[in-house]
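What follows is each chain in one-letter form.
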Amino acid sequence: MGPFLISSSFAGLHMIVLDQHPPKPLRPMAAPGAVARLVAHRDWLGFWFMLPAGLILVALLVYPLGLGVWLSFTNATIGNAGRFIGLGNYTWIFGDETFLHSIVFTLAYTLIASSIKFAVGLYLALLLNKRLPFKALIRSIILIPFVVPTVLSAIAFWWIFDAQFSIISWSLTRLGLIHHNIDFLGNPLLARACVIFANIWRGVPFVAITLLAGLQTVSPSLYEAATIDGATSWQNFRFITYPLLTPIIAVVMTFSVLFTFTDFQLIWVMTRGGPVNATHLMATLSFQRAIVGGSLGEGAAISSSMIPFLLAAILISWFGLQRRKWQQGSGA
Amino acid sequence: MASVDVIGVRKAFGHVEVVHGVDVTIRDGEFVILVGPSGCGKTTLLRMIAGLENVTSGEIRIGGQIVNDLPPKMRDIAMVFQNYALYPHLTVGQNMGFSLKLKKASPAEINSRVAEAAEILGLQSLLDRYPRQLSGGQRQRVAMGRAIVRDPQVFLFDEPLSNLDAKLRVAMRAEIKELHRRLATTTVYVTHDQIEAMTMADKIVVMHGGIVEQIGAPLELYDRPANQFVAGFIGSPAMNFLSGTLNVKGGTPHLTLADGAEVPLHKAPAGSDGRPMVLGVRPENLLVAQEGLAAEVGVVEPMGSETQIAVKAGGHALICLIRDRLMPKPGDMLRLAPEPAHVHFFEAETGRRIDAV
């Protein structure tokens, strides 16, 4: 109603001013124009309020994304705007063994790292939720991998897995267990295991701390009630903890999977996708083709190929995140 | 069904002892209420009976068997928690049948026993709902249903009514009492509300500061409190206390208050002449009389059936409960005299009851 009142009082003011001129027949107030109606209409009001945020989103999200997708349909290179070539880039990369291999490795990397992160994170969270001496201290120690900048920890891992100076090789040699240094990042299989290990090391704290927060929302009296009902500690976990934790697990694992799938820094610092492209993720391969190699169109096509996978992950979690029946209804 | 014996039980958390040697005997089928102010150790004692807390020393027996080292599920007890502790992700029926499911009972048996308990509590139409969709009173009933389904030897209630509104509390009080009458299962019930204790219990255990102050039937505690604490705790509004010195002048005893005012008495404990003493009089036994203690009227609260008057007399704040439609105004002077048959004497030093002769 606000705008109506304002416009009518303005109209009134006008009339008073007009009244000093030769009298005019008094007309009923004109209905507000189409624009005014649109501005004031209830159903549109929400839209107007959302508009600024929407514009920022379009500028910062949709534009780069759109540009990326557009580039993937051109033969642009650095210094050359290129022209539209349809699905040319896609037909090329889907015939490229390195790219196909990077898809497989990205999926494996995500699947293995996320599952282990979940298992270890859940275990740590359950441990930290118990009465432990120095709990606060242990909790902060666990957060360290998460706090250290990724590049820094990647450099540390690079050093740990170095062919010549690896502390692991050094220790094992001293113990007399091996006679030659292990070439961690030179052997394709070992290199893959090493980058997955580094990713797990970095990702566990996030999972552990978030799940711990979820665990702490479970009322201790539920466990007491279940204990009296005859539940063993495994049954306590199976029938009380796990079902009550599922909403948080869904959120944490969605983020974990998205972060892992799009990982770039760790790989780029530790192996640059090597040896012989064995550790290329889709993100690192895209960067290499587009920026290092200069083929912007091809790199963009590789990046854009990640979109369906990410959408699938989001959709799965969206269904997982749907409020369960027991969460509905009026408040506590 | 079983008896419960608590023998010399102590409980310490680290170096802090919170229960200092408690003895309680609960007969088979009895409804016993542990009552006391918060921090008195009543909930800790209940949790020790349940097996949720270890016993530091002493013995707890259920049905004659020592259960100190038995885990909760082996004690054959069921507990109703203050916050109900319903499993939020299970329906009412699943909540009630949870213990049977853990015991690997057949679905048919679970269904029939849940249905039976639901019928007792009038929960039949709610079995498919989730706890969030229930009102406080319904949740309370589901929590009891979960206990009933287990058909335990002992029911334990931990302040089950304190989250309900006053009206519902009165209704549930009657319901729990009726339930006990029907099932006749031994029940231990913890509350800080002495009215709950008075109205529901066969036997009340009054606890204070980790010890048992008195054990007895509700009216026994009301009529013959063992000490000043029980006297002040049981009964609402609380008993009035007047401290002074007992004097026997010309055969009739008087209590002389600090400011010299005298309360005439009909009888006094033997050999009490000249001794400091605390006189206890319940508000309903403090009568407006022709002669007696001069008192200045403060707040007057008419409640319809009776009127509560707060007065100041001899340096004491007293409460007086009268049934006459006497409506004094603040500032009026009244004379008050205790009803001779309903006067309690307590030792000034120890607070222990002394019987008058």
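The structure presented is a predicted model; accordingly, all values stated were derived computationally and were not measured.

Visitor: Sorry, what's going on with the packing of helix α10 (residues 220-228) of chain A against helix α11 (residues 233-261) of chain A here?
Guide: The axes of two packed helices give the description: the angle between them and the distance between them. Residue and element names in this part refer to chain A. Two elements in contact, α10 and α11, have axes whose closest approach is 10 Å; the angle formed by their N-to-C orientations is 155°. With respect to each other, α10 and α11 are oriented roughly antiparallel. Between α10 and α11 lies a crossing of right-handed hand. Residues Leu-222, Tyr-223, Ala-226 and Thr-227 of α10 form the contact with α11, whose own contacting residues are Asn-236, Ile-240, Thr-241 and Leu-244. Among the residues making up the contact of α10 with α11, the classes are represented as five nonpolar, three polar and no charged.

Visitor: Which parts of the structure should I look at to understand the sheet that holds strand β5 (residues 65-66) of chain B?
Guide: The strands that make up a sheet pair up through hydrogen bonds in the backbone, lying either parallel or antiparallel. All names here are of chain B. Across the sheet, which stays open at both edges, the four strands sit in the order β2-β1-β4-β5 with antiparallel pairing between neighbours. Each edge of the open sheet is held by one strand with a lone partner, namely β2 (16-26) and β5. Here strand β4 (residues 57-62) pairs with β5 via two bridges, running antiparallel. Bridged to Arg-61 within β5 is Ile-66. Taken strand by strand, helix α1 (residues 42-50) contacts β1 (4-13), β2 and β4, and its axis lies near 115° from that of β1.

Visitor: Would you mind going over the domain arrangement of chain B with me for this structure?
Guide: How big an interface is tends to be reported as the loss of accessible area on association of its parts. Residue and element names in this part refer to chain B. Each domain of chain B was delimited in the assignment, giving domain 1 (4-233) and domain 2 (240-354). At the interface, ten residues of domain 1 touch nine residues of domain 2. Together domain 1 and domain 2 conceal approximately 830 Å² of surface at their shared face, both sides included; 49% is due to carbon and sulfur atoms. Run the count over domain 1 and domain 2 and you get zero salt bridges. If you look at where domain 1 meets domain 2, you find five residue pairs in polar contact (both at pLDDT 80 or more). Those elements that place two or more of their residues in the side of domain 1 that touches domain 2 are α7 (218-223) and α8 (228-233). For the side of domain 1 that touches domain 2, a count of residues per class yields five nonpolar, three polar and two charged.

Visitor: I keep staring at the side chain of A:Thr98 and nothing clicks. Help me out?
Guide: Residue and element names in this part refer to chain A. In this structure, Thr-98 sits in helix α5 (residues 97-128). Residue Thr-98 is classed as buried on the basis of its relative accessible area of 19%. Leaving out residues up to four positions away in the same chain, Thr-98 has contacts with Asn-277, Leu-285 and Arg-289.

Visitor: Which parts of the structure should I look at to understand the confidence of the model for chain A?
Guide: A low pLDDT score tells you not to read the predicted coordinates there in detail. On average, residues of chain A score 83 in pLDDT, and 87% of them are at 70 or above. The spread of mean pLDDT over the elements of chain A runs between helix α1 (residues 2-18) of chain A, the lowest at 40, and α5(A), the highest at 94.

Visitor: Would you mind going over the confidence of the model for chain B with me for this structure?
Guide: All names here are of chain B. Scored by pLDDT, chain B has a mean of 90; 99% of the residues are at 70 or more. The secondary structure element of chain B with the lowest average pLDDT is strand β13 (residues 262-264), at 83, and the one with the highest is strand β3 (residues 31-35), at 95. In the predicted complex, the global pTM is 0.78; the interface-specific ipTM is 0.83.

Visitor: What is the right way to read α10(A) from this model?
Guide: With seven of nine residues buried, α10(A) is to be regarded as a mostly interior element. Those residues of α10(A) that fall on the buried side of the exposure criterion are A:Ser221, A:Leu222, A:Tyr223, A:Glu224, A:Ala225, A:Ala226 and A:Ile228. The inward-facing, buried residues of α10(A) contact α11 of chain A together with α1, β6 (77-80), α2 (92-102) and α4 (136-149) of chain B. Just beyond α10(A), the residue with positive phi is A:Gly230, at close to 105°.

Visitor: Could you clarify how one ought to interpret the environment of A:Ile141 in this entry?
Guide: All names here are of chain A. In this structure, Ile-141 sits in helix α6 (residues 135-147). Ile-141 gets classed as partly exposed once you look at its relative accessible area, which sits at 48%. On a C-alpha basis, the gap between Ile-141 and Pro-205 in space is 9.4 Å, while along the polypeptide they are 64 residues apart.

Visitor: Explain the side chain of A:Gln235 here, please?
Guide: Looking at the element boundaries, A:Gln235 is found in helix α11. Take A:Gln235: its relative accessible area is 13%, and that puts it in the buried class.

Visitor: Explain α2(B) here, please?
Guide: Within α2(B), nine of the eleven residues are buried, leaving the element largely enclosed by the surrounding structure. Among the residues of α2(B), those classed as buried are B:Val92, B:Gly93, B:Asn95, B:Met96, B:Gly97, B:Phe98, B:Ser99, B:Leu100 and B:Leu102. Buried-residue contacts for α2(B) involve α10 and α11 of chain A together with α3 (107-121) and α4 of chain B. Once α2(B) finishes, B:Lys104 follows within two positions and takes phi at roughly 60°, a positive value.

Visitor: Please explain the interface of chain B and chain A as it appears in this structure.
Guide: With 26 residues of chain B in contact, the opposing surface of chain A contributes 25 residues. When the two sides are added together, the surface that chain B and chain A hide from each other amounts to roughly 2300 Å², 62% of it contributed by carbon and sulfur. Of all residues in chain B, the largest losses of buried area upon contact with chain A belong to B:His89, B:Leu102 and B:Arg132, amounting jointly to 30% of the total for that side. Here chain B is connected to chain A by one salt bridge. A salt bridge links A:Glu224 to B:Arg47, with the shortest nitrogen-to-oxygen separation between them at 2.5 Å. Applying the counting rule to chain B against chain A returns six residue pairs in polar contact (both at pLDDT 80 or more). Of all the secondary-structure elements, those providing two or more residues to the side of chain B that touches chain A are α1, β6, α2 and α4 of chain B.

Cut-offs used in this document
Residues numbered from 1 in each chain as written. Chains lettered and ligands numbered in written order. Predicted model: local features only at pLDDT ≥ 70, side-chain atom pairs only at ≥ 80, totals over all residues. Heavy atoms only, no water. Axes fitted to C-alpha atoms, helices over the stretch in contact; angles between N-to-C directions. Helix = DSSP H or I, 4+ residues; strand = E, 2+ residues; numbered from the N terminus. Parallel < 35°, antiparallel > 145°, perpendicular 65-115°, else oblique. Left-handed = near helix turned anticlockwise from the far one by under 90°. Contact = heavy atoms within 4.5 Å. Nonpolar A, V, L, I, M, F, W, Y, C, P; charged D, E, K, R; others polar. Pairing = 2+ DSSP bridges. Domains from an automatic or database assignment. Buried area = accessible area lost by both parts, 1.4 Å probe. Salt bridge = Lys/Arg side-chain N within 4 Å of Asp/Glu carboxyl O. Polar contact = N/O pair within 3.5 Å; in protein donor to acceptor, adjacent residues only side chain to side chain. Buried < 20%, exposed > 50% of the residue type's maximum accessible area, 1.4 Å probe, protein only. pLDDT = per-residue confidence, 0-100.

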